[in-house]
Amino acid sequence: MAKRVMVVDDSRIQEVQIRSMLEGTDYEVACYCRSGEDALAVYDEVKPDLVTMDIIMPGMDGLETAQAILEEYPEAKIIMVSSLAYEDTFDEAKTIGAKGFIDKPFDQEKLLAAMDEALSS
């Protein structure tokens, strides 16, 4: 059975790219959310195995959203996805409890490696 992924990103293009990269793999996009607020509202209903979380979004940013999800669901596996590859952002994501960090742009190999690592931790 495929592992269920929740994609949280305000860019529909990013969701389409991730969905395309996951075709034919052990992963499937189970849910797409355009905001942190949406992700929080449906997380319990979707029960994803893994979340890819953009950092820069209108409203709640990805770091705030990841923190809120992890406070309520400490077993959640979240990978931060961003073009803001600053050391302090990476450190903050790790402190919150994110299982990985992927810099945009990324390829299928990098995405799958981060997902496999997040689920094995």
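So, here is what we can say about the structure in this document.

What follows is about the nonpolar core. Formed by 23 residues in total, the largest nonpolar core has its most connected members in Met6, Val8, Met53, Ile78 and Met80. Contributions of two or more residues to this core are made by β1 (3-8), β2 (27-33), α2 (36-46), β3 (50-54), α3 (62-72), β4 (78-82) and α4 (87-96). With 4 residues, the single largest contributor to this core is α3. Residues within four places of Ile78 in sequence aside, it is in contact with Val51, Met53, Ala66, Ile69, Leu70, Ala98, Lys99 and Gly100. Core analysis: the second largest hydrophobic core is formed by 18 residues, Val5, Tyr32, Leu111 and Ala114 among them.

Another point: the pairing of β4. Here β4 lies mainly inside the structure; 5 of its 5 residues are buried. Burial along β4 is two-sided: Ile78, Met80 and Ser82 facing one way and Ile79 and Val81 facing the other are all buried. Where β3 and β4 come together, 4 bridges link them in parallel fashion. When the sheet's bridge partners are listed, Met53 is paired in β4 with Met80. Between β3 and its parallel partner β4, the chain crosses via α3, and the hand of that crossover is right-handed.

As a further point, take the pairing of β2. Counting buried residues in β2 gives 5 out of 7 residues, a clear majority hidden from the surface. Sheet topology places β1 next to β2; 6 bridges connect them, and they run parallel. Bridging across to β2, Val8 finds its partner in Cys33. For the handedness criterion, the β-α-β arrangement of β1, helix α1 (residues 12-22) and β2 is classed as right-handed.

On to the sheet that holds strand β5 (residues 100-103), then. Strands sit in the order β2-β1-β3-β4-β5 across an open sheet of 5 strands; the sheet is parallel. In this open sheet, the two edge strands, each paired with only one partner strand, are β2 and β5. Geometrically, the sheet is characterised by an average inter-axis angle of 25° between neighbouring strands, direction not taken into account. Sitting on the sheet, α1 is in contact with β1, β2 and β3, with an inclination near 165° to β2.

Rules of the game
- Residues numbered from 1 in each chain as written.
- Predicted model: local features only at pLDDT ≥ 70, side-chain atom pairs only at ≥ 80, totals over all residues.
- Heavy atoms only, no water.
- Core = buried A, V, L, I, M, F, W, Y, C linked by side-chain atoms within 4.5 Å.
- Buried < 20%, exposed > 50% of the residue type's maximum accessible area, 1.4 Å probe, protein only.
- Helix = DSSP H or I, 4+ residues; strand = E, 2+ residues; numbered from the N terminus.
- Contact = heavy atoms within 4.5 Å.
- Pairing = 2+ DSSP bridges.
- Right-handed = clockwise from strand over helix to strand, strands pointing away.
- Axes fitted to C-alpha atoms, helices over the stretch in contact; angles between N-to-C directions.

Worth remembering: the numbers are spatial, not functional.
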